[in-house]
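Next come the chains, spelled out residue by residue.
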Amino acid sequence: MAITRIDKESAVLRFKSLPSTNDYVRHHIGRGLEPGTVVVAEQQTSGRGRGTNKWTSPPGVGLYFSFYITPEIQPHHLGLFSLAVSVAVANAISTLAGVKVSLKWPNDIFFRDRKIGGILLESVINSGKVEHLIVGIGLNLNNRPDQLPCENAGSIFSITGLRLNKNIVLSRLLVSLNNLFHIVSRQKNWTTTTRNNWLELCHHNMKKVRIFGDDFEFEGRFVGLSDIGEALVLREDEQIQAVAFGRFSLREV
Ligand code: BTN
């Protein structure tokens, strides 16, 4: 992977308000925006989540940022790479807030049964090669309960009463992500390490889950991750189904 510095020595572009930091980055690739430049917004007016989800981004209370990298990874490793980003984010938050953060497949950051953060990876693939990868991260930090989108959402503040400084969180996350990108570029076994680390933080390992696709859903037991990070679900007919990234979501039942 071409090493792109995204730690505290990276350039940071700060905006009062943007529709979506991912959209800003996507629009400015090839128009002067350097890889690794971090784009942060105080609020987003059209923050996006995975699929058709929105990401509620009220002013001042959350951290919303994106950057792009030019990774030398195979397209089939993108899912696993997104799991690795989730692990890096979860570990940084756990250390900073002194709490145990967990993960829901594929990229939801959970704290005590509530979603406090999410990761949106968007790639540009050309001739079978990952040309650019946009990494967008949203975290509910200091939101009061009335600043959260739904009952299942939480923030570090709404759950613990602890207010975190957004700039400190950002710089810690950037260091953590930079370390991860070094590991991915240098260590061939990053895929195995990622699967093990992700499973250790998994909120629903060996638990009953329901998988939702566009036109079908089924229940089973979450039993692990495939080589490329798909969710492995043991169905009621005893078959293990690999659930691909992108088209499905998972809920614990
Ligand atoms: C999800 O949980 O579905 C992913 C949420 C990702 C939200 C972040 S906030 C910064 C960046 N800009 C966006 O529009 N989305 C991501």
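This text gives an overview of the structure that appears in the document.

## So, the site of the ligand
Link 1 in the chain: Taken together, 19 residues form the shell around the ligand, and within it Ser20, Gln44, Arg48, Arg50 and Lys115 come nearest.
Link 2 in the chain: At a separation of 2.9 Å, a nitrogen atom of the ligand approaches a polar side-chain atom of Gln44.
Link 3 in the chain: At 2.7 Å from a nitrogen atom of the ligand is found a main-chain nitrogen or oxygen belonging to Arg48.
Link 4 in the chain: For the ligand, the protein covers 99% of the area, taking 420 Å² as the surface of the free molecule.

## Considerations on the sheet that holds strand 7 (residues 129–140)
Link 1 in the chain: Ordered by their spatial adjacency, seven strands build an open sheet running 1-2-3-7-6-5-4, and the pairing between neighbours is mixed. Looking at the sheet topology across the chains shown, the edges are occupied by strand 1 (12–18) and strand 4 (102–104). Adjacent strand axes in the sheet meet at a mean angle of 20 degrees when their direction is disregarded.
Link 2 in the chain: For strand 6 (residues 114–126) and strand 7, the ladder comprises ten bridges, and the chain directions are antiparallel. Directly across from Gly118, in strand 7, lies its bridge partner Gly138.
Link 3 in the chain: Across the sheet, helix 2 (residues 78–97) is in contact with strand 3 (62–69), strand 4, strand 5 (108–111), strand 6 and strand 7; its angle to strand 6 comes to roughly 145 degrees.

## Examining the packing of helix 2 against helix 4 (residues 166–186)
Link 1 in the chain: Helix 4 packs onto helix 2 with a crossing angle of 140 degrees between their chain directions and a minimal axis gap of 9 Å. As summarised for this structure, helix 2 and helix 4 are arranged oblique, according to the angle between their axes. The interaxial crossing formed by helix 2 with helix 4 has right-handed handedness. For the pair helix 2 and helix 4, the contacting residues are Phe81, Ala84, Val85, Ala88, Val89, Ala92, Ile93, Thr95 and Leu96 in the first and Ile168, Val169, Arg172, Leu173, Ser176, Leu177, Leu180, Phe181 and Val184 in the second.
Link 2 in the chain: Taken together, the residues of the contact of helix 2 with helix 4 break down into 15 nonpolar, two polar and one charged.

## Some thoughts on the state of the cysteines
Link 1 in the chain: One pass over the structure, following the stated rule, counts zero disulfides.
Link 2 in the chain: Unpaired in this structure, Cys150 has its nearest cysteine sulfur neighbour in Cys202, at a distance of 20 Å.
Link 3 in the chain: Owing to a relative accessible area of 43%, Cys150 belongs among the partly exposed residues under this scheme.
Link 4 in the chain: Under the relative-accessibility criterion, Cys202 is labelled buried at 12%.

Rules and cut-offs
- Residues numbered from 1 in each chain as written.
- Predicted model: local features only at pLDDT ≥ 70, side-chain atom pairs only at ≥ 80, totals over all residues.
- Heavy atoms only, no water.
- Near = heavy atom within 4 Å.
- Polar contact = N/O pair within 3.5 Å; in protein donor to acceptor, adjacent residues only side chain to side chain.
- Areas by Shrake-Rupley, 256 points an atom, 1.4 Å probe, with all protein chains shown as cover.
- Pairing = 2+ DSSP bridges.
- Helix = DSSP H or I, 4+ residues; strand = E, 2+ residues; numbered from the N terminus.
- Axes fitted to C-alpha atoms, helices over the stretch in contact; angles between N-to-C directions.
- Contact = heavy atoms within 4.5 Å.
- Parallel < 35°, antiparallel > 145°, perpendicular 65-115°, else oblique.
- Left-handed = near helix turned anticlockwise from the far one by under 90°.
- Nonpolar A, V, L, I, M, F, W, Y, C, P; charged D, E, K, R; others polar.
- Disulfide = S-S within 2.5 Å.
- Buried < 20%, exposed > 50% of the residue type's maximum accessible area, 1.4 Å probe, protein only.

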